[in-house]
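Below are the chains, spelled out letter by letter.
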Amino acid sequence: MTDSKYFTTTKKGEIFELKAELNSDKKEKKKEAVKKVIASMTVGKDVSALFPDVVNCMQTDNLELKKLVYLYLMNYAKSQPDMAIMAVNTFVKDCEDPNPLIRALAVRTMGCIRVDKITEYLCEPLRKCLKDEDPYVRKTAAVCVAKLHDINAQLVEDQGFLDTLKDLISDSNPMVVANAVAALSEIAESHPSSNLLDLNPQSINKLLTALNECTEWGQIFILDCLANYMPKDDREAQSICERVTPRLSHANSAVVLSAVKVLMKFMEMLSKDLDYYGTLLKKLAPPLVTLLSAEPELQYVALRNINLIVQKRPEILKHEMKVFFVKYNDPIYVKLEKLDIMIRLASQANIAQVLAELKEYATEVDVDFVRKAVRAIGRCAIKVEQSAERCVSTLLDLIQTKVNYVVQEAIVVIKDIFRKYPNKYESVIATLCENLDSLDEPEARAAMIWIVGEYAERIDNADELLESFLEGFHDESTQVQLQLLTAIVKLFLKKPTETQELVQQVLSLATQDSDNPDLRDRGYIYWRLLSTDPVAAKEVVLAEKPLISEETDLIEPTLLDELICYIGTLASVYHKPPSAFVEGSRGVVHKSLPPRTGSSESAESPDAAPSGGQAAEQPAVIPTQGDLLGDLLNLDLGPPVGGPPIATSSVQMGAVDLLGGGLDSLLRSDVGGSPAMGSGSGFAPAPSTAMPANLGAPLSSGLGDLFDLTSGVGTLSGSYVAPKTVWLPAMKAKGLEISGTFSRQVGSISMDLVLTNKALQVMSDFAIQFNRNSFGLAPAAPLQVHAPLAPNQSVEISLPLNTVGSVMKMDPLNNLQVAVKNNIDVFYFSTLYPLHILFVEDGKMERQMFLATWKDIPNENEAQFQIKDCSLNADAVSSKLQGSNIFTIAKRNVEGQDMLYQSLKLTNGIWVLAELRIQPSNPSFTPVPVPFPTFLAASFLWVGMSCVALTHLSVYLRTCCLPALAGLPAVAGFGVVPEMPSTGGVPVHLPSLRNHPEELRCCCSPSSSSSPFPPKEAGAGPVCMSPFLPAKEPAPGNVPPAPGPWKPVLPSLVGLG
Amino acid sequence: MIHSLFLINASGDIFLEKHWKSVVSRSVCDYFFEAQERASEAENVPPVIPTPHHYLLSVYRHKIFFVAVIQSEVPPLFVIEFLHRVVDTFQDYFGVCSEVMIKDNVVVVYEVLEEMLDNGFPLATESNILKELIKPPTILRTVVNTITGSTNVGDQLPTGQLSVVPWRRTGVKYTNNEAYFDVIEEIDAIIDKSGSTITAEIQGVIDACVKLTGMPDLTLSFMNPRLLDDVSFHPCVRFKRWESERILSFIPPDGNFRLLSYHVSAQNLVAIPVYIKHNISFRDSSSLGRFEITVGPKQTMGKTVEGVMVSSQMPKGVLNMTLTPSQGTHVFDPVTKLLSWDVGKINPQKLPSLKGSVSLQAGTSKPDENPTINLQFKIQQLAISGLKVNRLDMYGEKYKPFKGIKYMTKAGKFQVRT
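Residues numbered from 1 in each chain as written. Chains lettered and ligands numbered in written order. Predicted model: local features only at pLDDT ≥ 70, side-chain atom pairs only at ≥ 80, totals over all residues. Heavy atoms only, no water.

As annotated in an unreviewed UniProt entry, chain B carries the name Adaptor related protein complex 3 subunit mu 2 and is attributed to Falco tinnunculus. According to its UniProt record, chain B has this under Sequence similarities (unreviewed entry): "Belongs to the adaptor complexes medium subunit family." (UniProt positions renumbered as here; feature names shortened; annotations may be inferred.)

You'll find chain A entered in an unreviewed UniProt entry as Adaptor related protein complex 1 subunit beta 1, with Falco tinnunculus given as the organism. UniProt lists a comment for chain A under the heading Subcellular location (unreviewed entry), and it reads "Endomembrane system". Within the UniProt record for chain A, the comment given under Sequence similarities (unreviewed entry) is "Belongs to the adaptor complexes large subunit family."

Right under this line is the structure:
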């Protein structure tokens, strides 16, 4: 009597019959009926109509019947949510059962009933089971948390189950630990940001202990979890490796591969000089080889992973070539993978064996495999130079077989061999030409045509051969057409006399009769080249070709490193990062290999600690504080300058000595990368475009006249340019690395870029675009990269910028979001530009106006800070600043201190006024209290000032520009970065400033609409300007095309001017 | 984790489905069928198939596809290993794993699958534990159950489930205490035309059948443990002792289990116990070809080679073969072009041979490829690697067990190119 009888009752009233049986009084009959129901369910029949009847059978002490009912429930509860509630009571009761098996069964089944209404009833029983005395129940409950999380994540978090789960990692029973890890990993997968599996040395130790004792499946979960840990140094890495190594001898291949992953990853941290490193390498080979004797499906996954491992560390398997030899009854997917690895392992030492094998494979039946084998021979020739001759003769032998597809593949690879070893094997061309007629695949035809064109001078009847192809020109694929066009042009250049007609024919075919733009364009280019300058044409068409690389199909190193972290996963099977294909990978965290402790090449001390994986993980787009200081310091000073502490100033406002500044040396100031910009400060990007043009012109000339004398003194040699930093790391952009900086020279802003191709393919078709930004920065010209960028090449480009783009307030203010496109993809990154590139050349304010404005600047607009350790005198400072378009309006000496009064103007017409006090008394200490918006403060990090300066800067903002800002959110306002590096300078203390009788003040001219700067904070560091209220009427008609000189329009000021 | 499982037979019918999470529509298998169609043979269906929302991982055994559906990033080896474990369990439960058998025992199958996975996490995969939870069907038990109304589902928590030795249940009792170990070695080899070895390696296993009362603690030592440098152990083996003393120390599971598997790599010289002399030629001009093979013993260490089977896939152009064997029987299937020759024992005095002619399709050129010959054989009482068990000791129990050890060498994937 077998279960097949359950299938035999498929007749009309089946459901009805079952219903009757289910409601029978006899236990045995009931059970049989439920079995029938289950049997129908397994074959996909809908038996959901029986739901109430089956659930009625649930209250039973017969365990088998209970299990069967549970099976049914799991399948159908979702479709009958209201009925499913009926089952809740039984679950709750079963969770109290004295038999742990029943408790576990209940908690297990509950979690499988995916009905929202039920889940809330589950919480209490689940909480109890998580603390059950029986480990079997606990481990089942751990999994139930993951189930529940899948149904209702919020509920699980609210009920604190996640914490309970985390506690289970420290459970005494290894099985419970393993399940807790598995459940947490699954939950973490849907919340990549959460640090659910927050691993520390203690928890790692617990996991490693549990690893030895739990089941094989638990070991997989634990090993995968360990692989995400970042050991703090190489010693810890080594000790983990030592404890993981025994797993390599496990019979379960998944355990082995997970262990390999951990070892491959942590090995990165070990110094190559270490004895242990060598031992580990040796230990890795045998288990990998053993994987290849498993079932073919396992072999396939193993081979895909070995492919990665061989690329990363070829030394592990270099002696194991033979295990990759193909058996003729291997499944095709295994054969192709083995072949791939054979080529990767091919070296001078084993090439003879490999070639003999490949030749053998080339006579097999399977067409795909044979093709790949033939190609492999060509790849060997290219990879191992010594074998090239043998490979060519093997290929010739294969061509002699006249098997059509073998010949075609052989010709394709011989083309590559010609590329790699020019002028060496041309004697075989005759043999190739014999097979011209049998070629019917585009790739083979194109390869043959290329060969004929390339060696036209040696082939007597090259013109005839090519002419024969030309007859069916229109039926050829594009690949062949292009190749034919080029080949005939080459032929013409080599034998101009005989082939004039031919070349004209092909040019007219390509340009007039074809509607393929690529073909037409190429045709026209050749045509014009030939008609204008045949010599140039020769140089272009017959130019020396770059060498082809030895290895093909190599995975890009950055991707490879990431994939090594994913050994044993689907990602490793597809050789793509999980983010590229896994559905629902809600923001997969990029994994990266830990940094090596002792560098592999330079073999540093093995004791040096790795600098923390995190740093390497996210190559900083924004330079860190340290970098900034480094940048600033690359000038003439030794000791680092602390950030600008905001300090109180009590500067006296006496008679302002009007002195033109500007001497010889250039003060470099760096604003750009300062993280200090990261505050929530808003700034009014008031584009000067809103200014009436007629006002601008006369004023600019006026200003110019006034300060002619000073500009003669100061030689403006351009502003400071920060060294280039990496903006877009290659890892994030499929191999394209972009580094760059900003500069301002003679009134024009430019973005200096270095594009580096770290991928294996050529990049071309570059384009760049900016997102809207605070100052309307936009490229003034398209990104010009003239030649395609070959692998490992860099190109430097200077991209001119203007400030007429759309304006949008960014946070931080000087943030610039950039999109770069190439033939591969579009990449996005953001960078911070130094503000000083926006300081315009006519930022010199009239003296009287300066005076008047200065007084009117309200307190709230002041900011001040100090600069220490500068050793420049007032004149040097002044001239340096002038280099960055910060102009000295006046200079005076008060009680032995030099005071400089300065102005600058931004491209959008905002003025900034500053007072700089230089204290010569203490050359090592330079307090510079500057009432100054902080984002600008950074631009006054005057490294290189040897004087002791005390600066008082005031801000004057033009409100007449405001109309243009209508619609901008929170357009104005200066904020101070919360964490200014403190170097012990005087802290900002504005009240004291205010108490001073003759303080200098920032002022802002009153706006017509409202008070622009309501006081916000006066006590501590941050000095904020509140958002401007946009004025009502933008004046589009008055917008001048480019930033022009600004004219103060406020009556009071005009009077002063 | 593993979402669902579909069992598909050779004709492409889904005859069983099991879901451990929400129900996945069986239409997902259409992607599998597509892949199956592309692959010429069932063996060539790729084991990992991506679909827009799921991944299908499959194994093909006993003419059944076991297709697991997963939705998120799960180690594929974990899934494939698990699927193989499912097949092994079925085989263990029902003797054979076939569609008929599975359909006949569908409820047990369902119960077992439910025990093996919980929400996609493996729960109990040790057959010892499973059998305690769900008793395998036997005719006797079916009869007893029908009469008494008892069930074949155990209602006690399997004792091994959580102990330090999860693979062994407590309270084992036998009247005859015996422990048998089979050292079985398979030679995988590729021999080229001229008879020289291209690659040869040995895959060895030690399978055990231990029926011992109580909690015996066994140690097994080898004469030449150095041979074993690449080994995979059953979880019961204490790895530390192996590392330090090269001794297998373990508390065995009850019944049949694989104690260890090992691999003697291509680095070591592997003795090849048989050779094949072949002369297969197709001529361009005539539609006839010659076929002649002779099998002979090589390095057999004085043992008899038996169970010899020769099979070869002939090229498509072969119409028929007229052959005479000196011993054994031979079959040529003109449809699949498969030639097989059941040789039997090799008598070194009179070497078995198969001679005759091949008729080829007229008018076509001679076949490009030469057939590869597949060889199977067995040698009793010999471990070709030279591995020898030294002694087996038992601690922890008082009685004296009966101990037995058997050696056998077999051909694995043994191929001769012609």
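K.L.:
Help me understand the overall build of chain B in this model?
P.N.:
Check the secondary structure of chain B and you find seven helices and 23 strands. In chain B, the proportion of contacts linking residues at least 24 apart, taken out of those at least 6 apart, comes to 68%. (Helix = DSSP H or I, 4+ residues; strand = E, 2+ residues; numbered from the N terminus. Contact = heavy atoms within 4.5 Å.)

K.L.:
Help me understand the overall build of chain A, please; the structure alone is not making it clear to me.
P.N.:
For chain A, the count of helices and strands is 40 helices and 13 strands. Relative to its full complement of 1057 residues, chain A shows a buried share of 59%. Sequence separation of at least 24 residues holds for 73% of the intrachain contacts in chain A that already meet a minimum separation of 6. Working note: accessible area of chain A is about 40100 Å², and carbon and sulfur atoms make up 51% of it. (Buried < 20%, exposed > 50% of the residue type's maximum accessible area, 1.4 Å probe, protein only. Areas by Shrake-Rupley, 256 points an atom, 1.4 Å probe, with all protein chains shown as cover.)

K.L.:
What's the story with helix H22 (residues 404-420) of chain A in this structure? I'm lost.
P.N.:
Because an α-helix packs 3.6 residues into every turn, residues spaced three or four apart end up facing the same way. Residue and element names in this part refer to chain A. The end-to-end C-alpha separation of H22 is 25 Å, in line with the 24 Å expected for 17 residues at 1.5 Å each. For H22, a buried count of 12 out of 17 residues is recorded, marking the element as mostly surrounded by other parts of the structure. Here the buried face of H22 lies against helix H20 (367-383), helix H21 (388-400), helix H23 (429-434) and helix H24 (442-454). (Expected span 1.5 Å × (residues − 1).)

K.L.:
Is there a simple way to explain the interface of chain B and chain A in this structure?
P.N.:
Reports often express the size of an interface as the amount of accessible area lost when the parts come together. Across the boundary between the two partners, chain B contributes 100 residues, which contact 96 residues of chain A. The contact between chain B and chain A buries some 8400 Å² in all, and 58% of this surface belongs to carbon and sulfur atoms. At the junction of chain B and chain A, the tally comes to 10 salt bridges. A salt bridge links A:Glu216 to B:Arg85; its shortest N-O distance comes to 2.8 Å. At the surface where chain B touches chain A, the tally comes to 21 residue pairs in polar contact (both at pLDDT 80 or more). Considering each element in turn, the side of chain B that touches chain A owes the most residues, eight residues, to helix H2 (residues 76-94) of chain B. (Buried area = accessible area lost by both parts, 1.4 Å probe. Salt bridge = Lys/Arg side-chain N within 4 Å of Asp/Glu carboxyl O. Polar contact = N/O pair within 3.5 Å; in protein donor to acceptor, adjacent residues only side chain to side chain.)

K.L.:
Teacher, can you tell me more about the environment of A:Arg458 here?
P.N.:
All names here are of chain A. With respect to the helices and strands, Arg458 occurs in the loop between H24 and helix H25 (462-470). Classification of Arg458 as partly exposed rests on a relative accessible area of 45%. Through-space distance from the C-alpha of Arg458 to that of Glu426 is 8.7 Å; in sequence the pair is 32 residues apart. Setting aside residues no more than four positions away along its own chain, Arg458 makes contact with Asn423 and Glu426.

K.L.:
What is the right way to look at the sheet that holds strand E7 (residues 815-821) of chain A in this model?
P.N.:
Across a sheet, strands are paired by hydrogen bonds formed along the backbone, either parallel or antiparallel in direction. All names here are of chain A. Pairing in this open sheet of three strands is antiparallel, and the strands run E4-E7-E8 from one edge to the other. Pairing within the sheet leaves two strands with one partner each, and these edge strands are strand E4 (767-770) and strand E8 (826-832). Across this sheet, the average inter-strand angle for adjacent strands is 25°, counted without regard to direction. Bridge analysis of E7 against E8 gives seven bridges, and the strand direction is antiparallel. When the sheet's bridge partners are listed, Ala819 is paired in E8 with Tyr828. (Pairing = 2+ DSSP bridges. Axes fitted to C-alpha atoms, helices over the stretch in contact; angles between N-to-C directions.)

K.L.:
Honestly, the sheet that holds strand E1 (residues 2-8) of chain B in this entry has me stumped. Any pointers?
P.N.:
Residues and elements named next belong to chain B. Read across the open sheet, the five strands follow the order E2-E1-E5-E4-E3; overall the sheet is antiparallel. Taken across any chain shown, the strands that pair with only one partner, and hence form the sheet edges, are strand E2 (14-19) and strand E3 (48-50). Within the sheet, the average angular offset between the axes of one strand and its neighbour, ignoring direction, is 20°. Bridge count for strand E4 (residues 55-61) against strand E5 (residues 64-70) is seven bridges, and the pairing is antiparallel. Bridge pairing in E5 links Tyr60 to Phe65. Sitting on the sheet, H2 touches E1, E4 and E5, and the angle it makes with E4 is about 40°.

K.L.:
I'm lost on the pattern of salt bridges in this one. Help?
P.N.:
Oppositely charged side chains are able to pair whenever their charged atoms sit close together. Per the stated rule, a full pass over the model turns up 52 salt bridges over all chains. With its nearest N and O atoms 3.5 Å apart, the salt bridge here joins A:Arg108 to B:Glu115. Here A:Arg108 is found in helix H6 (residues 100-112), whereas its partner B:Glu115 is found in helix H4 (residues 106-116) on a different chain. Here A:Arg108 falls in the buried class, since its relative accessible area comes to 4%. For B:Arg238, the salt bridge is made with B:Asp217, and the minimal N-O distance between the two is 3.0 Å. Of this pair, B:Arg238 sits in the loop between strand E11 (231-233) and helix H7 (239-245) while B:Asp217 sits in strand E10 (residues 217-222); the two residues are 21 residues apart in sequence, bridging distant segments of the chain.

K.L.:
Would you mind going over the pairing of strand E6 (residues 794-802) of chain A with me for this structure?
P.N.:
The side chains of a regular strand alternate between both faces of the sheet. Residue and element names in this part refer to chain A. When strand E3 (residues 748-757) meets E6, the two strands line up antiparallel, connected through eight bridges. Residue pairing in the sheet places Ile749 in a bridge with Leu801 of E6. Bridge count for strand E5 (residues 778-779) against E6 is two bridges, and the pairing is antiparallel. The residue of E6 that forms the bridge with Pro779 is Leu801.

K.L.:
Help me out: how do you make sense of the packing of helix H10 (residues 161-168) of chain A against helix H11 (residues 174-190) of chain A in this one?
P.N.:
Helix-helix packing is characterised by the crossing angle of the two axes and by the distance between the axes. Residue and element names in this part refer to chain A. Two elements in contact, H10 and H11, have axes whose closest approach is 8 Å; the angle formed by their N-to-C orientations is 140°. What the angle tells us is that H10 and H11 run oblique. The crossing of H10 and H11 is left-handed. Every residue of H11 that contacts H10 at Leu162, Leu165, Lys166 and Leu168 is listed here: Val176, Val177, Ala180, Ala183, Leu184 and Ile187. Split into classes, the residues belonging to the contact of H10 with H11 amount to nine nonpolar, no polar and one charged. (Parallel < 35°, antiparallel > 145°, perpendicular 65-115°, else oblique. Left-handed = near helix turned anticlockwise from the far one by under 90°. Nonpolar A, V, L, I, M, F, W, Y, C, P; charged D, E, K, R; others polar.)

K.L.:
Is there a simple way to think about the packing of aromatic side chains in this case?
P.N.:
For any pair of aromatic rings, the description rests on two quantities: the centre-to-centre distance and the angle between the ring planes. Evaluation of the coordinates by the stated rule reveals 27 aromatic pairs over all chains. Seen in terms of ring centroids, A:Tyr421 and A:Tyr425 are 6.3 Å apart; in terms of plane orientation they differ by 85°. Their pairing is edge-to-face. A:Tyr421 sits in the buried class, given a relative accessible area of 5%. The class of A:Tyr425 is buried, set by a relative accessible area of 8%. Ring plane angle 80° and centroid distance 5.4 Å describe the contact between B:Phe377 and B:Phe414, whose orientation is recorded as edge-to-face. Placement of the pair is B:Phe377 in strand E21 (residues 372-380) and B:Phe414 in strand E23 (residues 402-417), with a sequence separation of 37 residues. For the pair shown, B:Phe377 and B:Phe414 are each scored as buried. (Phe/Tyr/Trp six-rings, centres within 6.5 Å; stacked < 30°, edge-to-face > 60°.)

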